[in-house]
Amino acid sequence: MIFSIIRTFITFFIFFIFITKAYAEKMHGIAMHGLPKYNKDFTHLSYVNPEAIKGGEIKFGVYGSFDNLNRVAFKGSRAAGLGYVNDTLMRRVWDEAFTLYGLIAESIEMPEDRSSITFYINPNAKFHDGSTITREDVLFSLTTFQTKGTPNQKKTYGKVIETKMIDTNGIKMIFVNNDDKELPLIIAGFLPIIPKKYYENIDVTKTFLDIPLGSGPYTIAEIDPGRKIIYNRVKNYWAQNLPVNKGQYNFDVLTYDYYKDSNVLLEAFKVGDYDYRREYNAQRWQTNYKFPAAERGDVILEEMKNDRPTGMNALVMNSRKKIFKNPRVREALSYAYDHEWINKILYDNAYTRTDSYFDNSPLASTGLPSKAELKLLNPWKDQLPEEIFTTTYKPPVSDGSGMPRDNLRIAKKILEEEGWKIKNGKLTKDGEEFSFEFLIVSPSVERIALAFQKTLETLGINMTVRTVDSSQYQARMLNYDFDMIKNSWRVSLSPGNEQQFYWGSEVGKKDGSKNYAGVNSPGVDSLIEEIIGATTREELTAAIHALDRVLLWGHYVIPLYHSSIDRIAYWNFLEFPNDIPLYGIVIESWWANLEKQKLLQR
């Protein structure tokens, strides 16, 4: 009898624990690791001014062109600002590594094992025409991106294998397994909710320039294809007073003017043709920002330190091409890039050399692999470069003289060992010359390209430099139709599924991913899965460190440089809160001082 009672109690206890783990209470927010910073009663984010003035206009200058207003189609060039048109289920914030709070979904339920997530739709959520956002719109959006989106979207959203309608306003998404711990956050924060009634009767895979129906803080008011797009703030925006939005989206009008010349783009800012500019070229910041409006104080120049990872800014070798398949050949080319001379002559030593895909953060690998990293790396040891386990990665360093002779000797030795020999002044192998094209779209890259070209000539390598317009560049990037490009991959403090889009073997075999280098490595794929499945910050960091090492020693790219400073210039009628969050400037929190604007000389 006593034994029976004990057994019953144990059974009930185990069942209770299971139920507790399997079902959770409704939550107002969700964090990748740990708990959200803001409790359910928060009124606004700490980095906004909840009393910010609404009104006015802010103008932006954009380089290039656009030919697409379709959030689904990934061909063509999407217009700047298009993300403001469609809301997502939850809103990401920028003072936490990766946390989201309720938007279209006013609350969620998620079991501890993250095998599913249930979104409860806010009954006040509306499209711009006043119609209600329903669970059917959420399901349609999910299905559309599962079947018609980018390769990475198809792979990520395809992990939802079943949906159920719960109560009167809930939609439950059940995952193929619970390995991808980031998946609930990706769906919550990155799946644009598009109206079924608008998109179901069109071919969503094709670009279009019709003004779409949205639900976000702005709607498109006017377009001049390829030249200008204007957004108006939605005055009766359904979510404007939600805590996650309070104090944001303050301008009545957003205007994006496009320019096809980067020098003209800068000069246009100086005379007030647009209002806000972020400068990514450090030398240009030092030499080209002394102009009358700045000297009068009408334009403010500021440098703001940020604490976000810089990502990888690099020259990318397309390993799909025969000439770049060999990692030792790719390594040899890295010795021909003279960072020290380029940084000194072209950029006045304004930059720091990048030696990690996650530089400027604790996610950057240092020293030799830890025990936790070795546990992840050892199963692939036979397929990985030996240096991963024995040597700390550092990119080649020159004497800054403009002719890195020692480095070029090393490059020549590597190339000779791989069968490349000088013949009639040309580097050849099996009768084929070492020749490739560096494809560029921005004149600012041309100086780097020409300096690199000159150094490669001493090795007998013929590198041609070809400049194309932004539409052609985009098309060739989409199909990986290039030998070398310059590219930057952005990362956050909580890397996850995007790493699959950057380096995954499967997506790299399909058009439209950002795996421009053509990384095709089971070891890399395994590490990305470890990143996606990490349940603690410690597990995530170890997996990121391991991935960083494998990518660095794979010599897929030639790392360039970075800066931990945001350099911004803006006309002084623009104002912003005192608190700058972890990730840096949040332009959505700025507002216009209309009285100051009237006094400006422009």
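The structure under discussion appears in the preceding block.
What you see is a predicted model, and the numbers here were worked out from it, not measured in a lab. Within every chain, residues take consecutive numbers counted from 1 along the sequence as written. Predicted model: local features are reported for residues with pLDDT of at least 70 only, side-chain atom pairs are reported and counted for 80 or more only, and whole-chain, interface and lining totals are derived from all residues. Computation of side-chain values: all heavy atoms of the structure, hydrogens and water removed.

1. Some words on a negative patch on the surface
The line we're drawing: Like-charged residues within 9 Å of one another, or nonpolar side chains (Val, Leu, Ile, Met, Phe, Trp, Tyr) within 5 Å, are grouped into patches, provided each residue has over 30% relative accessible area and no salt bridge. Residue exposure ignores everything except the shown protein chains as possible cover, and the areas themselves are Shrake-Rupley values with a 1.4 Å probe. Whenever a carboxyl oxygen of Asp or Glu lies within 4 Å of a side-chain nitrogen of Lys or Arg, that contact is scored as a salt bridge. In this charge count, Lys and Arg are treated as positive and Asp and Glu as negative; neither His nor the chain ends contribute. We put the charge of a Lys on NZ, of an Arg on CZ, of an Asp on CG and of a Glu on CD. Starting at the N terminus, helices and strands are each numbered in turn, a helix being any DSSP run of H or I of at least four residues and a strand any DSSP run of E of at least two. To sort residues, take the accessible area from a 1.4 Å probe on protein chains only and compare it with the maximum for the residue type: under 20% means buried, over 50% means exposed, and anything in between is partly exposed.
A cluster of acidic residues, Asp 179, Glu 529, Glu 530, Glu 538 and Glu 539, forms a negative patch at the surface. Mapped by element, the contributors of at least two residues to the negative patch are helix 18 (522-533) and helix 19 (537-553). Looking at the secondary structure, you find Glu 538 in helix 19. The exposure class assigned to Glu 538 is exposed, which follows from its relative accessible area of 60%.

2. Topic: the sheet that holds strand 8 (residues 170-175)
To be explicit about the condition: Paired strands are those between which DSSP finds at least two bridges. What counts as an axis is a line fitted to C-alpha atoms, over the stretch in contact for a helix, and the angles between N-to-C directions run from 0 to 180 degrees. We call two residues in contact whenever any of their non-hydrogen atoms come within 4.5 Å of each other.
Read across the open sheet, the 4 strands follow the order 5-6-8-7; overall the sheet is antiparallel. Only two strands of the sheet have a single partner each, and these edge strands are strand 5 (105-109) and strand 7 (160-166). Averaged over all pairs of adjacent strands, the angle between their axes in this sheet comes to 20°, without regard to strand direction. Sheet topology note: the strand 7/strand 8 ladder contains 6 bridges and is antiparallel. What sits directly across from Glu 162, in strand 8, is Ile 174. Lying on the sheet, helix 2 (residues 135-148) is in contact with strand 6 (116-121), strand 7 and strand 8; it crosses strand 7 at an angle near 175°.

3. With respect to the pairing of strand 8
Of all 6 residues in strand 8, 5 are buried; the element is thus mostly enclosed. The sheet contact formed by strand 6 and strand 8 spans 5 bridges and is antiparallel. In the strand pairing of strand 8, Tyr 120 is matched with Gly 170. Here strand 7 folds back onto strand 8 in antiparallel fashion, the turn holding 3 residues, of which Asp 167 has a positive phi close to 50°.

4. A closer look at the pattern of salt bridges
Summed over the entire model, instances satisfying the criterion amount to 26 salt bridges. Residue Arg 91 pairs with Asp 87 through a salt bridge whose shortest N-O separation is 3.3 Å. Per residue, the accessibility class of Arg 91 equals that of Asp 87, and both read buried. Its salt-bridge partner being Lys 159, residue Asp 180 comes within 2.9 Å of it at the nearest N-O pair. Taken together, the residues span a long stretch of sequence, with Asp 180 in the loop between strand 8 and helix 4 (183-190) and Lys 159 in the loop between helix 3 (151-157) and strand 7 at a distance of 21 residues. Given the relative accessible area of 14%, Lys 159 is considered buried. Taken together, the shared-partner salt bridges in this structure form one network comprising Arg 328, Lys 413, Glu 417 and Glu 418.

5. A look at the side chain of Glu 279
Inclusion rule: A 3.5 Å cut-off defines polar contacts: any pair of N or O atoms within that distance qualifies, except that in protein one atom must be a possible hydrogen donor and the other a possible acceptor, and neighbouring residues in sequence count only when both atoms are side-chain atoms.
Residue placement: Glu 279 occurs in strand 12 (residues 276-279). Overall, the relative accessible area of 3% leaves Glu 279 in the buried class. In this structure the side chain of Glu 279 is engaged in a polar contact, spanning 2.9 Å, whose partner is the side chain of Arg 277. Of the polar contacts made by the side chain of Glu 279, one reaches the side chain of Tyr 289; its length is 2.6 Å. With sequence-adjacent residues up to four places away left out, Glu 279 is seen in contact with Arg 284, Trp 285, Tyr 289 and Arg 567.

6. Brief notes about the packing of aromatic side chains
As a reminder of what qualifies: Two aromatic rings from Phe, Tyr or Trp, using only the six-membered ring of Trp, form a pair when their centres are within 6.5 Å; if the ring planes differ by under 30 degrees the pair is stacked, by over 60 it is edge-to-face, and anything between is tilted.
Per the counting criterion, the structure on display carries 40 aromatic pairs. Taking the centre distance of 5.2 Å and the plane angle of 90° together, the rings of Tyr 357 and Trp 503 count as edge-to-face. Of the two residues, Tyr 357 is situated in the loop between strand 15 (352-353) and helix 11 (371-377) and Trp 503 in helix 16 (residues 498-503); the sequence distance between them amounts to 146 residues. Judged by its relative accessible area of 3%, Tyr 357 falls in the buried class. Since its relative accessible area comes to 2%, Trp 503 is described here as buried. With a centroid separation of 4.7 Å and an interplanar angle of 45°, the aromatic rings of Trp 489 and Trp 503 are classed as tilted.

7. Looking at empty space enclosed by the protein
For the record, the criterion: Cavity: a set of points on a 1 Å grid over the protein atoms alone where a 1.4 Å probe fits but cannot get out. Pocket: an open set with protein on both sides within 12 Å along at least five of seven lines, its lining residues, like those of a cavity, having an atom within 4 Å of a point. Grid points are joined across faces, edges and corners, and a volume is the space filled by probe spheres set on the points. Each residue is assigned to one of three groups, with Ala, Val, Leu, Ile, Met, Phe, Trp, Tyr, Cys and Pro labelled nonpolar, Asp, Glu, Lys and Arg labelled charged, and all others, Gly among them, labelled polar.
Tallying each qualifying case throughout the model produces 4 cavities of 30 Å³ or more. By volume, the second largest cavity amounts to about 70 Å³. Among the residues forming the lining of the second largest cavity, the class breakdown is 8 nonpolar, 1 polar and 1 charged.

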